[in-house]
Amino acid sequence: MTATDTRAQTSPASPGPRAGQPKPPLSFKNKMSRWDLKFAPYVYISPFFIMFAIVGLFPIAFTAVISFQEWDLVRNTGSWVGFEQYVWILNDPKFWTSLRNTFSIFLLSSVPQLALAIFIAAMLDRNIRAKTFWRMSVLLPFVMAPVAVALIFSNMFGDNHGLVNNILGSIGIAPIAWHVDPFWSHIAIATMVNFRWTGYNALILLAAMQAVPREFYEAATVDGAGAFRQFWSITLPSLKPTLIFVVITSTIGGLQIFDEPRMYDNVGEGGAAQQWLTITLYLYNIGWGDFNFGRAAALAWILFIIILVIGMINLLITRRLVRDEGGRGVKTPRRGRKGVKR
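Just so it is clear, the structure is predicted and the values come from calculations on it, not from any experiment. Every chain is numbered on its own, with residues counted from 1 as its sequence reads. Totals for whole chains, interfaces and linings use every residue, but because this is a predicted model, local features are given only for residues with pLDDT of at least 70 and side-chain atom pairs only at 80 or more, for both listing and counting. The basis for every side-chain value is the complete set of heavy atoms in the structure, and neither hydrogens nor water enter the calculation.

Help me out: how do you make sense of the overall build of the protein in this one?
We count a stretch as a helix when DSSP gives it H or I for four or more residues in a row; a strand needs E for two or more, and each element gets its number in order from the N terminus. Along the protein, the regular secondary structure elements total 15 helices and two strands. For the exposure calls, accessible area comes from a 1.4 Å probe over protein chains only, and a residue counts as buried if that area is under 20% of its type's maximum, exposed if over 50%, partly exposed in between. Among the 342 residues that make up the protein, the fraction classed as buried is 34%. The criterion used for residue contact is that any of the two residues' heavy atoms lie within 4.5 Å. Summarising the internal contacts of the protein: among those between residues at least 6 apart in sequence, 66% fall at separations of at least 24. For the accessible areas, the method is Shrake-Rupley and the probe is 1.4 Å, while residue cover comes only from the protein chains on display. Of the roughly 22300 Å² that the protein leaves accessible, carbon and sulfur atoms contribute 66%.

Help me understand the pairing of strand 1 (residues 69-72), please; the structure alone is not making it clear to me.
For a regular strand, side-chain orientation follows a simple rule: the groups alternate between the two sheet faces. What you see with strand 1 is a clean split: Gln 69 and Trp 71 sit on the buried side and Glu 70 and Asp 72 on the side with no burial. Sheet topology places strand 1 next to strand 2 (residues 77-80); four bridges connect them, and they run antiparallel. Bridged to Asp 72 within strand 2 is Thr 77. DSSP-based pairing: two strands are paired if at least 2 bridges between them are found.

What should I look at first to understand the pattern of salt bridges in this one?
Think of it this way: side chains of opposite charge can pair up when their charged atoms draw near. Here, a salt bridge means any side-chain nitrogen of Lys or Arg that lies within 4 Å of a carboxyl oxygen of Asp or Glu. Taken as a whole and assessed by the stated rule, the structure comprises one salt bridge. Asp 125 is the salt-bridge partner of Arg 214, the closest N and O atoms lying 3.7 Å from each other. Residue Arg 214 is found in helix 10 (residues 214-222), and its partner Asp 125 is found in the loop between helix 4 (93-124) and helix 5 (131-137); the two are separated by 89 residues along the sequence.

What am I meant to see in the confidence of the model for the protein here?
Low-pLDDT portions of the prediction should not be read for the details of their coordinates. The pLDDT value tells you how sure the predictor is about a given residue, anywhere from 0 up to 100. Chain-level pLDDT for the protein is 82 on average; 85% of the residues reach the 70-or-more range. Note that residues 325-342 has pLDDT below 50 and, in this model, 11 contacts with residues that lie over four places away or in other chains.

Before we go on, may I ask you to explain the packing of helix 11 (residues 227-238) against helix 12 (residues 240-255) in this structure?
In helix packing, the relevant descriptors are the interaxial angle and the interaxial distance, both defined with respect to the helix axes. Between helix 11 and helix 12, the least distance of the axes is 5 Å, while the angle of their chain directions is 60 degrees. Taken together, the axes of helix 11 and helix 12 are oblique relative to one another. On helix 12, the residues that touch Leu 236, Pro 237 and Ser 238 of helix 11 are Lys 240, Pro 241 and Leu 243. Note that Gly is not counted as nonpolar here; it falls among the polar residues with everything else outside the nonpolar set of Ala, Val, Leu, Ile, Met, Phe, Trp, Tyr, Cys and Pro and the charged set of Asp, Glu, Lys and Arg. In terms of residue class, the contact of helix 11 with helix 12 is made up of four nonpolar, one polar and one charged. Comment: axis = line fitted to C-alpha atoms, over the contacting stretch for helices; angle = value between 0 and 180 degrees taken between N-to-C directions. The scheme is simple: roughly parallel for angles under 35 degrees, roughly antiparallel for over 145, roughly perpendicular for 65 to 115, oblique for anything else.

Looking at this model, I keep getting lost on the packing of aromatic side chains. Mind explaining?
To describe a pair of aromatic rings, one takes the distance between the centres and the angle between the planes. Each pair of aromatic rings taken from Phe, Tyr and Trp, with Trp reduced to its six-membered ring, is defined by centres within 6.5 Å and is described as stacked if the planes are under 30 degrees apart, edge-to-face if over 60, and tilted in the remaining cases. Taken as a whole, this structure holds 25 aromatic pairs when the rule is applied. Here the aromatic rings of Phe 133 and Trp 134 are separated by 5.1 Å at their centres, their planes lie at 70 degrees, and the arrangement is edge-to-face. Through pairs of rings, three or more aromatic residues link up here, namely Phe 153, Phe 157, Trp 178, Phe 183, Trp 184 and Phe 195. Over the ring of Trp 88 we find Arg 295, and its NZ or CZ is 3.8 Å from the ring centre. Two conditions define a charge sitting above a ring: the NZ of Lys or the CZ of Arg must be within 6 Å of the ring centre, and it must be within 35 degrees of the ring normal.

Please clarify how the nonpolar core should be interpreted in this entry.
What tends to happen in soluble globular proteins is that the nonpolar side chains get buried as a cluster. Counting 20 residues, the largest nonpolar core has Ile 89, Phe 95, Tyr 282, Leu 299 and Ile 306 as the members making the most contacts within it. Mapped by element, the contributors of at least two residues to this core are helix 3 (84-91), helix 4, helix 14 (279-289) and helix 15 (293-321). If one sorts the elements of this core by residue count, helix 15 sits on top with eight residues. Discounting residues that sit within four places of it in the chain, Ile 306 has contacts with Leu 99, Phe 103, Leu 255 and Ile 279. Joining through side-chain atoms within 4.5 Å is the link that ties buried Ala, Val, Leu, Ile, Met, Phe, Trp, Tyr and Cys residues into a set, and such a set is a nonpolar core. Grouped together as the second largest cluster of nonpolar side chains are 16 residues, Val 149, Phe 157, Val 164 and Met 192 included.

Teacher, can you tell me more about the side chain of Gln 113 here?
Mapped onto the elements of the fold, Gln 113 is located in helix 4. Taking relative accessible area as the criterion, Gln 113 reaches 5% and is therefore assigned buried. If we skip the residues at most four places from it in the chain, Gln 113 touches Val 193, Asn 194, Trp 197, Thr 198, Asn 201 and Ser 250.

Even after reading the chapter, I still don't get the side chain of Arg 196, so can you show me in this structure?
Structurally, the position occupied by Arg 196 is in helix 9 (residues 182-210). Charged-residue counts in this description rest on Lys and Arg as positive and Asp and Glu as negative, His and the chain ends being excluded. The side chain of Arg 196 sits in the buried core without any salt bridge; Glu 260 is the nearest counter-charge, 5.0 Å away. Discounting residues that sit within four places of it in the chain, Arg 196 has contacts with Pro 141, Phe 142, Met 144 and Pro 146.

What exactly am I supposed to notice about a nonpolar patch on the surface here?
Together, Met 32, Trp 35, Phe 39, Tyr 42, Val 43, Tyr 44, Ile 45, Phe 48, Phe 49, Phe 52, Leu 57 and Ile 60 make up an exposed nonpolar region whose accessible area comes to about 1300 Å². Take Val 43: it is sitting in helix 2 (residues 28-66). A patch consists of residues exposed above 30% relative accessible area that lack any salt bridge, with like charges linked at up to 9 Å and nonpolar side chains (Val, Leu, Ile, Met, Phe, Trp, Tyr) linked at up to 5 Å.

Please explain helix 9 as it appears in this structure.
Expected helix span is given by 1.5 Å per residue-to-residue step, counting one fewer step than there are residues. Across its 29 residues, helix 9 extends 41 Å between first and last C-alpha, which sits within 8% of the 42 Å expected from 1.5 Å per residue. Here the bend at a residue means the angle between the axes of two seven-residue stretches, the one that ends at it and the one that starts at it. Along helix 9, the largest kink reaches about 35 degrees and is centred on Trp 197. With a side-chain oxygen positioned 3.0 Å from the backbone nitrogen of Phe 183, the residue opening helix 9 is Asp 181. Here a polar contact is recorded for every N or O atom pair within 3.5 Å, except that within protein the pair must consist of a potential hydrogen donor and a potential acceptor, and residues adjacent in sequence are included only if both atoms are side-chain atoms.

Before we go on, may I ask you to explain unusual backbone geometry in this structure?
Where the residue is not glycine, phi is negative for most of them; where a peptide bond is considered, it is trans in most cases. A positive phi angle is found at Ala 130, which is not glycine, with a value near 55 degrees. Within the element layout of this structure, Ala 130 appears in the loop between helix 4 and helix 5. Accessibility expressed as a relative area gives 45% for Ala 130, which makes it partly exposed. Backbone geometry at Phe 291 places phi at a positive 55 degrees, although glycine is not the residue there. Mapped onto the elements of the fold, Phe 291 is located in the loop between helix 14 and helix 15.

Quick question: what am I supposed to make of the environment of Met 123 here?
The topology assignment puts Met 123 in helix 4. Note on Met 123: relative accessible area 36%, which makes it partly exposed.

When you look at the environment of Ile 118 in this model, what are you seeing that I'm missing?
Mapping Ile 118 onto the fold places it in helix 4. Here Ile 118 falls in the buried class, since its relative accessible area comes to 14%. For Ile 118, the contacting residues outside a window of four places in its chain are Leu 205, Met 209, Phe 231 and Leu 243.

Shown next, in the form of structure tokens:
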């Protein structure tokens, strides 16, 4: 080995740029790479927000403007009346009747629907035969057209010759006035809603259950925990984000129910005595029945505020009832300034 090679091996590595010296300028390729990392996510999600601004945000804002006017659809103009439309809606007895009916149908549909969806998802999460068949089967009611479901069930719950009353009569039970009594009409409409949406929510919850690591259940089985204990301590806490999503979407859909009460009879007015008149059906009657779009817009914004309030209440209740995964009785140790556990 020559002296030159020895010096080359023993010489220290060339030092990098010293502190205070300007960094070499970035090449165009490096700049594009940085811009891609910084702005690419916003570009990818921008089509949704652009379309929402065009077909969603503008109509919402325009509806807010119309709600303060006496709007003429033919001339496409309106005169400013302030809060007069809101006052008229709040003083109308039909509004309070529709509000009571909406909450009644919402509670009769959402609560059993959520409980049944969790049960079905838990059964489909088990090791059963023909899993794919059963998972596809629970989604079939959701695929059906809402109008078809409403027509079928409205005939099933017929007062005189309905299938349900015929079955009740065959076992000695008096027929039920499904289209006369407010409570039973709400039960019938809630049954339609549950039939259509339970399987959809069950599949969403099933997807969340499939994401829970199987090692948790194996460890719980070794520790002697039964199926119910595993569901309560492992499955349910892991479903908290998904349950919040399902509860909020069910709240929005339940308070905006329209197809089922609209198709429950041949008239579509919510019953002779407004037995099943909902807020959205009442809104439709004001807008396209009376052609008073200012009042209809005011009612739409009142419904928006109601949904927002009820959604926030459901969010708070769900967060309290469903604890975080592993959150009960576990305290995160605090660390000192140097990273030492206290």
